[in-house]
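So the chains spell out like this:
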Amino acid sequence: QVQLVESGGGLVQPGGSLRLSCAASGSIFSRYAMGWYRQAPGKQRELVAAITSGGSANYVDSVKGRFTISRDNAKNTVYLQMNSLKPEDTAVYYCSQGTYYSGSYTFHTWGQGTQVTVSS
């Protein structure tokens, strides 16, 4: 059974940085695409960043140039480095695992989420 465990969330001031981590178990990690979703109160969950098994990354426009997704297959871990954080980045962030095929991601497993709050 696949398990995804996020860590690294917290409270940060606007302009600050956080790095989220997601440790995966129960699957052959290197074979799968990984992603980070977020959900703010009253809003739909959105895919923020994703990375293919080969290491190619994609981002939603609102975080381009500020967030970086990366993976360490030896550690079965995916990261989300978040810089220049804004109050609108406040949300619960979820790690996800899935596939990438013909230009599209399909995610089938999510972690429990970690809260990120950007506030002064």
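Worth saying up front: this structure is predicted, and the values here are computed from it rather than measured.

1. Observations concerning the packing of aromatic side chains
The way to describe two aromatic rings as a pair is by their centre distance and the angle between their planes. Within the structure shown, the criterion is met by 4 aromatic pairs. Ring centres 5.7 Å apart and planes at 90° place the aromatic pair Tyr-37 and Phe-107 in the edge-to-face group. Of this pair, Tyr-37 sits in strand 4 (residues 33-39) while Phe-107 sits in strand 10 (residues 104-110), and the two are 70 residues apart along the sequence. In this structure, Tyr-37 and Phe-107 share a single accessibility class: buried. Here Tyr-105 and Phe-107 contribute two aromatic rings whose centre-to-centre distance is 5.6 Å and whose plane-to-plane angle is 10°, an arrangement assigned as stacked. One aromatic cluster is present, formed by Tyr-37, Tyr-100, Tyr-105, Phe-107 and Trp-110 through successive ring pairs. Against the face of Tyr-94 rests Arg-45, its NZ or CZ located 3.9 Å from the ring centre. Lying over the aromatic face of Phe-29, Arg-71 brings its terminal NZ or CZ to 4.6 Å of the ring centre.

2. Regarding the sheet that holds strand 3 (residues 18-25)
Read across the sheet, 4 strands follow the order 1-3-8-7 without closing on themselves; strand pairing throughout is antiparallel. Every other strand in the sheet has two partners, leaving strand 1 (3-7) and strand 7 (67-72) as the edge strands with one partner each. Along the sheet, successive strands turn relative to each other by an average axial angle of 15°, direction set aside. Here strand 7 runs beside strand 8 (residues 77-82); their pairing, made up of 6 bridges, is antiparallel. Pairing of Ser-70 across the sheet is with Tyr-79, part of strand 8.

The rules behind each value
Residues numbered from 1 in each chain as written. Predicted model: local features only at pLDDT ≥ 70, side-chain atom pairs only at ≥ 80, totals over all residues. Heavy atoms only, no water. Phe/Tyr/Trp six-rings, centres within 6.5 Å; stacked < 30°, edge-to-face > 60°. Helix = DSSP H or I, 4+ residues; strand = E, 2+ residues; numbered from the N terminus. Buried < 20%, exposed > 50% of the residue type's maximum accessible area, 1.4 Å probe, protein only. Lys NZ or Arg CZ within 6 Å of the ring centre and 35° of its normal. Pairing = 2+ DSSP bridges. Axes fitted to C-alpha atoms, helices over the stretch in contact; angles between N-to-C directions.

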